[in-house]
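Each chain, letter by letter, is given below.
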Amino acid sequence: MSKDKKNQVSRRQFLNYTLTGVGGFMAAGMLAPMVRFAIDPVLQPDEGGEFVSAKISEEDITTEPKRVAFNVEQVDAWYESTVEKVAWVYKQEDGSIIALDPTCTHLGCFVGWNDNENYPEHFYCPCHDGLYTKDGVNVPNTPPTAPLAVYEHKIENGILYLGKAIPREEA
Ligand code: FES
C-alpha cells in the first residue's frame, strides 16, 4: 500500500465522522434544554430578604406578646404554594419590636405564650415541656437547646412587615 493511500480517508470513514458529528450536535441541541429545565430552580437567584405584611400596625403592638399570622409564597422546585406562618410579636423594654418564630428548637412543635398556668410569662412547648423566657431564650434543663428564631422585620407606613426567621446561637 502506497503512503498516499494510507493517508486517504475512505468513504466509510468519512460517513462515520460526518454522522457522528451531526448526531452529536443534534443530541447536544436536544439535551441542553432538558438539562436546563432539570436544574432551573438551582439557577434561580435566592430572593431572600423578601418582607410580607403581618397585617398589624405598629401602634397595636404592645409589650404583651401577640400571635400574628401571615402568608408567604413558598416555592419548592416547580411547586408554588401559599403557606401560613406565625410570629409572636411584642415591644421590648426599649420600645423595639421583636417577632419570634414559635417553632420550638427541640423538635419543631409550636410554643404558646403564657398558656400554661405552671409557667406564667413564659413561652411553653406542650410536646415535651420545653420552656423559653419572654425574649425567646430557652430555659436550661428543658429539652430545647437553642433560643427561638427571630424574624427580620421592618415598619412601612406604620405596618409591620416580616422577613426570614433567623436562628440564634445555642444558649
Ligand atoms: S418539641 Fe418542643 S420541647 Fe420537644
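Predicted model, so just to flag it, every value in this text is computed and none were measured.

Helix and strand counts for the chain come out as 2 helices and 9 strands. Mapped from its N terminus to its C terminus, the chain presents α and β elements in the order α-α-β-β-β-β-β-β-β-β-β. The burial tally for the chain puts 16% of its 171 residues in the buried class. Long-range pairs, those at least 24 residues apart, make up 40% of the contacts in the chain with a sequence separation of at least 6.

Right, let's talk about the UniProt feature "transmembrane region" (unreviewed entry) in the chain for a bit. Using the residue numbers shown here, the UniProt feature "transmembrane region" (unreviewed entry) corresponds to residues 14-35. End-to-end, the C-alpha atoms of residues 14-35 are 31 Å apart, and along that stretch the chain is 100% helix and 0% strand.

With that out of the way, let us pick up the pairing of strand S9 (residues 159-166). Where strand S1 (residues 52-57) meets S9, 3 bridges bridge the pair, whose relative direction is antiparallel. By the bridge assignment for S9, Ser53 is matched with Tyr161. Taken together, the 6 bridges between strand S8 (residues 150-156) and S9 define a ladder with antiparallel strand orientation. Residue pairing for S9: His153 is matched across the bridge by Leu162. As consecutive antiparallel partners, S8 and S9 are separated by 2 residues, and within that stretch Asn157 has a phi angle of approximately 50°, a positive value.

With that settled, consider the sheet that holds strand S6 (residues 123-125). Reading across from one edge, S5-S6-S7 is the order of the 3 strands in this open sheet, with antiparallel pairing throughout. Single-partner strands in this sheet number two, and they are strand S5 (112-113) and strand S7 (130-132). In terms of strand pairing, S6 meets S7 through 3 bridges, oriented antiparallel. Bridge pairing links Tyr124 to Leu131 in S7.

Bringing the pairing of strand S4 (residues 97-100) into the picture now. Note: strand S3 (residues 79-91) against S4, 4 bridges, orientation antiparallel. Following the sheet pairing, Val89 is matched in S4 by Ala99. Counting the residues in the hairpin turn of S3 and S4 gives 5 residues, including Gly95, whose phi is positive at 90°.

The rules behind these values
Residues numbered from 1 in each chain as written. Predicted model: local features only at pLDDT ≥ 70, side-chain atom pairs only at ≥ 80, totals over all residues. Helix = DSSP H or I, 4+ residues; strand = E, 2+ residues; numbered from the N terminus. Buried ≥ 20, exposed ≤ 12 C-beta atoms within 10 Å, placed from the backbone. Contact = placed C-beta atoms within 7 Å. UniProt positions renumbered as here; feature names shortened; annotations may be inferred. Pairing = 2+ DSSP bridges.

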